[in-house]
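# Structural features, examined
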Amino acid sequence: MLLVFDIGNSNIVLGTYEGKKLLKHWRISTDRQKTGDEYGMLMNNLFAYQGIKMTDIDAIIISSVVPPLVVPMIKMCERYFHIKPLIVGPGIKTGIRLNYENPRSIGADRIVNVVGAYEQYGGPLIVIDIGTATTFDVVDTNGDFLGGVIAPGIGTSSDALFARASQLPRIELVPTPKVICRNTIQGMQAGIVYGYVGQIDGLVRRIKEEYGKPMKVIATGGFARMIAKESHTIDKVDHFLTLSGLQVLYERNEEKHRERNERNERNERSLEKSEKAQEANA
């Protein structure tokens, strides 16, 4: 059984796979202050509630856009699962070409989304991840990553408006029946939601014009379903796109990752024997 983690700025989405089948999935808040032990206890509770044993997990892969959480999560995996996880980053085999000025600067979540989307839907396509930031990733017919767009997320935009305008309240982000609104709350909801839909549709149309050929548009992320209902350009919503991308990436790197772990274990055992021998001689 494979355990996958997608660590985002707002939420951590995780799931368990048996082969290509997603068995269970969870969404928890990202907390940069939590230690590896705290995440380990949380994982133990989630697994126990679903009747899964931590010893059922054979492998783990982690994608993170929150660098301070990478080390605690690695320690959690090693202590509570006794597994060294595969981390999505430089050196990982993606199976796609990254046509980007600095490939190392691409967020791990964007790479995972592109891999998962191309594996399931082919190309060319636009992958939109509607999260803390909204990313538009363009994938060519042969799976090459061509680049894309990064924009503020709908929640981020809403929070900025609330923080900067002292007389405007914090609101629930839902569509309104009309765009011409007769109260402040609905006026803010219409402006943020429909303005955001317009931004997405406008950018998708510009990307399609630049690319010059028909493209599928796949959306994922916490607000994807709501935005897709109002959008004229989104073809499909896939809430588990990132998780499926992680599963594909692990498959492509499984053999190399196991070999590296076995080599590291041999080196650790050799070092341990050497240290014991030195202590005995002393």
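Below, the structure is looked at part by part. The structure presented is a predicted model; accordingly, all values stated were derived computationally and were not measured.

Before going further, it helps to spend a moment on the pairing of strand 2 (residues 11–18). The element strand 2 is extensively covered by neighbouring structure, given that six of its eight residues are classed as buried. By the bridge criterion, six bridges tie strand 1 (residues 2–7) to strand 2 in an arrangement that is antiparallel. When the bridges of strand 2 are listed, Asp 6 appears paired with Val 13. In this structure, the hairpin formed by strand 1 and strand 2 is closed by a connection of three residues. When strand 2 meets strand 3 (residues 21–29), the two strands line up antiparallel, connected through eight bridges. By the bridge assignment, Ile 12 is partnered in strand 3 with Ile 28. Two successive antiparallel strands, strand 2 and strand 3, enclose a turn made up of two residues, where Gly 19 displays a positive phi of approximately 65°.

A separate point is the sheet that holds strand 9 (residues 216–220). If you trace the five strands from one edge of the open sheet to the other, you get 8-7-6-9-10, paired in mixed fashion. The sheet is open, and its two borders are formed by strand 8 (145–152) and strand 10 (236–237), each paired with just one other strand. Relative to strand 7 (residues 133–139), strand 6 (residues 125–130) runs antiparallel, the two sharing six bridges. Bridge pairing in strand 7 places Ile 126 opposite Val 138. Along the sheet, helix 3 (residues 108–121) makes contact with strand 6, strand 7, strand 8, strand 9 and strand 10, crossing strand 6 at roughly 135°.

Quick notes on the rules
- Residues numbered from 1 in each chain as written.
- Predicted model: local features only at pLDDT ≥ 70, side-chain atom pairs only at ≥ 80, totals over all residues.
- Heavy atoms only, no water.
- Buried < 20%, exposed > 50% of the residue type's maximum accessible area, 1.4 Å probe, protein only.
- Helix = DSSP H or I, 4+ residues; strand = E, 2+ residues; numbered from the N terminus.
- Pairing = 2+ DSSP bridges.
- Contact = heavy atoms within 4.5 Å.
- Axes fitted to C-alpha atoms, helices over the stretch in contact; angles between N-to-C directions.

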